[in-house]
Amino acid sequence: MIHRAAIYVLWLREMKRFVRSKSRIIGALAFPLFFLAFLGLGFRRMVIPGLSEDINYISFLVPGILGMSLLFSSTFGGLSVLWDREFGFLKEIMVAPVSRVSIVLGRIAGGITTALIQGLFILAISFLIGFRLSSLLVLPLALIFMVLISVTFLGLGLIFASKMRDMQGFSIVMNFVIFPLFFLSGALYPLENFPVWLRVLSSIDPLTYGIDGLRGIMIGQSSYPVVFNLGIMVAFSLIMIFLGAYFFEKSESV
Amino acid sequence: MDAIKVENLTKNFDGVIAVDHISFSIPVGELFGLLGPNGAGKTTTINMLATLIKPTSGSGEVAGYDVKQDRDHVRRSIGVVFQEPALDTKLNGRENLEFHAMMYGMGREERRERIDEVLQLVELTEKEKVLVENYSGGMKRRLEIARGLIHKPQVLFLDEPTLGLDAQTRRHIWDYIKKLNKEGGVTIILTSHYMEEADFLCDRIGIMDNGKIVAMDSPEKLKNILGGDVVSIEIDGDTNDLKRDLDTRDWIKTMTQHENCLSLTLESGERRIPEIILAAQEKGVVVACVHLRKPSLEDVFLHYTGRTIREQEASQAEKNINFMHSRMGRRR
C-alpha cells in the first residue's frame, strides 16, 4: 500500500524545512568543508603510505569527505523522527490514514534529496580547490553510490529514532556510532595502514564500501572492484531500509 | 447508532495501569466530555481510540471500525486535536493545512476549497502566510482545530482544547465547538479538567479518576445526584418555630443550622426562596440575607472520588515524579 500523495507531501515538507533553515545548511556544510580544507591543505605534500604516487592527497580525500557528509546528513535525517516526536508533529503524521511504509518512503525521499544537495555542494567546492574527476561522465555513477550511502544511513537513523524515546541518547549515537563509522571507513587514510583487527571492523562498516566505490569511480583507485562495492552497498541499503521501516512500524508514536 | 463503543478498554504502561477496564458508548451527534484530573487516563483513552497506541486489552470501535483491526478506516473517520501542539512551526498556517489535506488524499480543488473554508471558520485567513512559529498560543490552537476539520471527520477528538488559553480565546473556541456539533453534526469527544468547560459544552460527561470512569450522565443529572441546590438564609430572632414549620415541608431534603445561618438542600432553589421567606415572616423571623448555590461539577467530582480535583492533581503529580524516577533508574 503506497500513498503517492503522502510520500510527495512528506518530501515537500522536508524541502521547505531545508530551504528555510539556513543555519542548518551552513552547519551541515561547514563541518565536512573544514575537514576538506584543513586536512587537504595540511597533508598536501605528505607522502602517505598505501597511496600510489600519481594521486595527491586531496584527490584521495574528496570522495571520503563526500561519504562523510552523506553519513552525517543521512543519519540525522533518519533521526529527525525524534525532533518530530519532541515537537508533537509525529502524532499528526501517524494519525493520518496513510500506510506506515509510505511514511518511511516519504522520509527517505526527503532525506536523500537533502543529503545529495549537500554532497553536490561539497563536490562543487572541491573543484574550486583543485579536485578533478577523470571525466564528467562518471558523475551519474557517483550519484548512484551517493544514493545508496544515503539510503543505508537513513535506515540506520530510523532504527535509532524508533528505539529512542527522546533526544537524550543523541550524543551517544553521535560518539559511539557515527564517529566510529566515519573513522573506520577509510575516509581520511588508506585502510591498508590499519592493523588487521581494525581492518576486520572496517570491513563491516557500510561506509567503507561506499567510499571505496566513490574513489574507484571518481579517481580510479580503490581497494575492491567497483562492482563488488556496488553489490555490497545495494545489499546494505536494502537491509537497512527494511530494518528501519520495521522498527518504525513497531514503535509507538506518542 | 453509536459513533464510539468501548468495552473493557485497558492500557498498561510497564505495570502502571493508565486506563482500567472502561466501557461506554457515545451515540452519533453527541458532544461527550471526559472530565478528570491530569493523569486520570483521559489522553491515554483518546490515544487508543485514535489508533496512536495499542490497547493492552479490551475493545474499541470508532465509526463502526475496530481500533485494533481496522486502523486505516478509523484514521479516515476521525479528526484529532492533540493536547500539546502538533504543528510544524517551520511551515506557515496554510502549508500545515495543505500537508494535512494531502495526507488525507484530497484533490487540489477540494483542498483549496476546504482550507479556505476552515481558515475562515477559525478567523485565520489573514494569517495563513505567517510561519506558525510566530503564532500565539490561541492562534495555534485554532489552526489545529481547523486542521482537524479539513477532511470532514465523523468523529472529532479534542484533547484539552482550551488548555492554557486566555478567557476570551477560550470562549471563542467553545463557540466553535458548539457550532460544529450542533450545525455540523460532528460527534465530538473532548477531555478537560476545567469543570465549567465540560459543564457548558457537553451533552454528557464521564468522570474519570485513576483510570476508571466513576460516573457518567448529563451535567444536570450528575449535579442533581447531590440532592439539588443549597439555599442558605441568615436570620435574626428565634428560629425554633421556623425550623419546626420547615420540617413539615417535604421538598426540603436536609436542613442544618450553623449559628444564625440555616442551610437547606432542595431542588430548584430559586422557585422556593419566596416560600421560605414567607414562612419566616409568618413566624416573626427577620431574614437578613439569602444565598443560593447551584452545585457544580466540582461538587460532583468530590462526591464520587472523595477529593476535589485540585487535591487529586497534587497527589497525581507526586505519583508521576515517583514513576519517572523508577523509569529513569531502569532505562538510563
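Just so we're clear, the structure is a prediction, and the values are computed from it rather than from any experiment. Going along each chain's sequence as written, the residues are numbered from 1 onward. Lettering for chains starts from A, numbering for ligands starts from 1, and both go in the order in which the items are written. Local features in this predicted model are restricted to residues of pLDDT 70 or higher, and side-chain atom pairs are both shown and tallied only at a pLDDT of 80 or more, whereas totals for entire chains, interfaces and linings draw on every residue.

1. As for the overall build of chain B
Secondary structure elements are taken from DSSP: a helix is a run of H or I of four residues or more, a strand is a run of E of two residues or more, and numbering for both begins at the N terminus. Helix and strand counts for chain B come out as 12 helices and 14 strands. Here the C-alpha coordinates of chain B stretch approximately 80 × 50 × 40 Å along the principal axes. Partly exposed residues are those whose C-beta has more than 12 but fewer than 20 other C-beta atoms within 10 Å; with 20 or more the residue is buried, with 12 or fewer it is exposed, and the C-beta atoms are placed from the backbone. When burial is assessed residue by residue, chain B has 40% of its 332 residues classed as buried. In this description, a residue-residue contact is defined by the distance between C-beta atoms placed from the backbone, which must lie within 7 Å. Look at the contacts in chain B between residues 6 or more apart in sequence, and 69% of them connect residues 24 or more apart.

2. What to know about the overall build of chain A
A count of helices and strands for chain A gives 10 helices and 0 strands. For chain A, the α and β elements follow one another from N to C terminus as α-α-α-α-α-α-α-α-α-α. Referenced to the eigenvectors of the C-alpha coordinate spread, the extents of chain A come out at roughly 60 × 40 × 35 Å. Split into buried and exposed, the 254 residues of chain A put 45% on the buried side. Contacts in chain A between residues far apart in sequence, at least 24 positions, make up 82% of those at least 6 positions apart.

3. Section: unusual backbone geometry
Residue and element names in this part refer to chain B. Not every positive phi belongs to a glycine, and Asp14 is a case in point at roughly 45°. For Asp14, the location among the structural elements is in the loop between strand E1 (2-13) and strand E2 (16-27). Assessed through the 9 C-beta atoms surrounding it within 10 Å, Asp14 is described here as exposed. Backbone geometry places Ser268, a non-glycine residue, at a positive phi of 35°.

4. Topic: the domain arrangement of chain B
For the domains described, the bounds stem from an automatic or database domain assignment. You can read the domains of chain B as domain 1 (2-222) and domain 2 (227-293). Computed from C-alpha atoms alone, the centre-to-centre distance between domain 1 of chain B and domain 2 of chain B is 45 Å.

5. Here we look at the sheet that holds strand E6 (residues 78-81) of chain B
Residues and elements named next belong to chain B. Read from one edge of the open sheet, 6 strands run E6-E7-E8-E3-E9-E10, paired in mixed fashion. The sheet is open, and its two edges are formed by E6 and strand E10 (212-217), each paired on a single side. Pairs of neighbouring strands in the sheet enclose a mean axial angle of 15°, with direction left out of account. Sitting on the sheet, helix H5 (residues 137-149) is in contact with E6 and strand E7 (155-159), with an inclination near 170° to E6. Axes here mean lines fitted to C-alpha atoms, for a helix over just the part in contact, with angles spanning 0 to 180 degrees between N-to-C directions. Sheet strands in contact with helix H11 (residues 297-305) are strand E3 (31-35), strand E9 (204-209) and E10, and its direction is about 45° off that of E9. Two strands form a pair only when DSSP identifies at least two bridges running between them.

6. What to know about the sheet that holds strand E13 (residues 261-266) of chain B
Residue and element names in this part refer to chain B. Strand order in the open sheet formed by 4 strands is E12-E13-E11-E14, and the pairing between neighbours is antiparallel. In this open sheet, the two strands that pair with only one neighbour each are strand E12 (252-258) and strand E14 (286-293). The mean angle between the axes of side-by-side strands here comes to 20°, regardless of whether they run parallel or antiparallel. When strand E11 (residues 229-236) meets E14, the two strands line up antiparallel, connected through 7 bridges. Directly across from Ile233, in E14, lies its bridge partner Val290. Helix-sheet contacts for helix H10 (residues 269-282) involve E11, E13 and E14, and the interaxial angle to E11 is about 25°.

7. What to know about the confidence of the model for chain B
pLDDT is defined as a per-residue confidence score from the predictor, taking values between 0 and 100. Confidence in the prediction for chain B averages 87 pLDDT; 92% of positions are at 70 or higher. Across the interfaces of the predicted complex, the ipTM metric reaches 0.90, alongside a pTM of 0.84.

8. With respect to the nonpolar core
Counting residues in hydrophobic clusters, the biggest one holds 136 residues, and the most contacted among them are A:Leu71, B:Ala146, B:Phe157 and B:Ile189. Of all the elements, helix H3 (residues 57-86) of chain A adds the most residues to this core, at 15 residues. When residues no more than four places from it in sequence are discounted, the contact partners of B:Phe157 are B:Ile46, B:Leu49, B:Ala50, B:Ile78, B:Val80, B:Val81 and B:Ile189. A set of buried residues drawn from Ala, Val, Leu, Ile, Met, Phe, Trp, Tyr and Cys, joined through C-beta atoms within 7 Å, is what defines a nonpolar core. With 9 residues, the next largest nonpolar core counts B:Ile233, B:Leu262, B:Leu264 and B:Leu266 among its residues.

9. A short note on helix H2 (residues 22-42) of chain A
Each α-helix turn comprises 3.6 residues. Residues three or four places apart therefore point the same way. Residues and elements named next belong to chain A. One less than the number of residues in a helix, times 1.5 Å, gives the span that helix is expected to have. Spanning 21 residues, H2 covers 29 Å between terminal C-alpha atoms, matching the ideal 30 Å at 1.5 Å per step. The reported bend at a residue is simply the angle between two axes, fitted to the 7 residues ending at it and to the 7 residues beginning with it. At Ala30, H2 shows its largest kink, close to 25°, and the proline Pro32 lies no more than four residues downstream. Residues of H2 that are buried include every one of Ala28, Pro32, Leu36 and Gly40, and no others. Elements that come into contact with the buried residues of H2 comprise H3 and helix H5 (100-128).

10. Some thoughts on the environment of B:Lys283
Looking at the secondary structure, you find B:Lys283 in the loop between H10 and E14. Here the alpha-carbon distance between B:Lys283 and B:Asp238, two residues 45 residues apart in the chain, equals 8.8 Å.

11. Side note on the interface of chain B and chain A
Between chain B and chain A, the contact holds 24 residues from the first and 22 residues from the second. At the level of elements, helix H2 (71-77) and helix H3 (93-103) of chain B are the ones that each hand at least two residues to the side of chain B that touches chain A. It is H3(B) that provides the largest number of residues to the side of chain B that touches chain A, a total of 4 residues.

12. Observations concerning the confidence of the model for chain A
The pLDDT averaged across chain A works out to 91; a share of 99% of its residues lies at or above 70. Within chain A, H2(A) has the poorest average pLDDT of any element, 89, and helix H9 (residues 206-218) of chain A the best, 96.

13. Some thoughts on the packing of helix H1 (residues 4-20) of chain A against H5(A)
All names here are of chain A. At a minimum axis separation of 8 Å, H1 and H5 run at an interaxial angle of 35°. With respect to the hand of their crossing, H1 and H5 are arranged in right-handed fashion. Residues Ala6, Ile7, Leu10, Trp11, Glu14, Met15 and Phe18 of H1 touch H5, and the partners they reach there are Ser102, Ile103, Leu105, Gly106, Arg107, Ala109, Gly110, Thr113 and Thr114. Note on residue categories: nonpolar means Ala, Val, Leu, Ile, Met, Phe, Trp, Tyr, Cys or Pro, charged means Asp, Glu, Lys or Arg, and polar means any other residue, Gly included. Its residues assigned to classes, the contact of H1 with H5 comprises 9 nonpolar, 5 polar and 2 charged. In a left-handed crossing the near helix is turned counterclockwise from the far helix by less than a right angle, and in a right-handed crossing that turn is clockwise.

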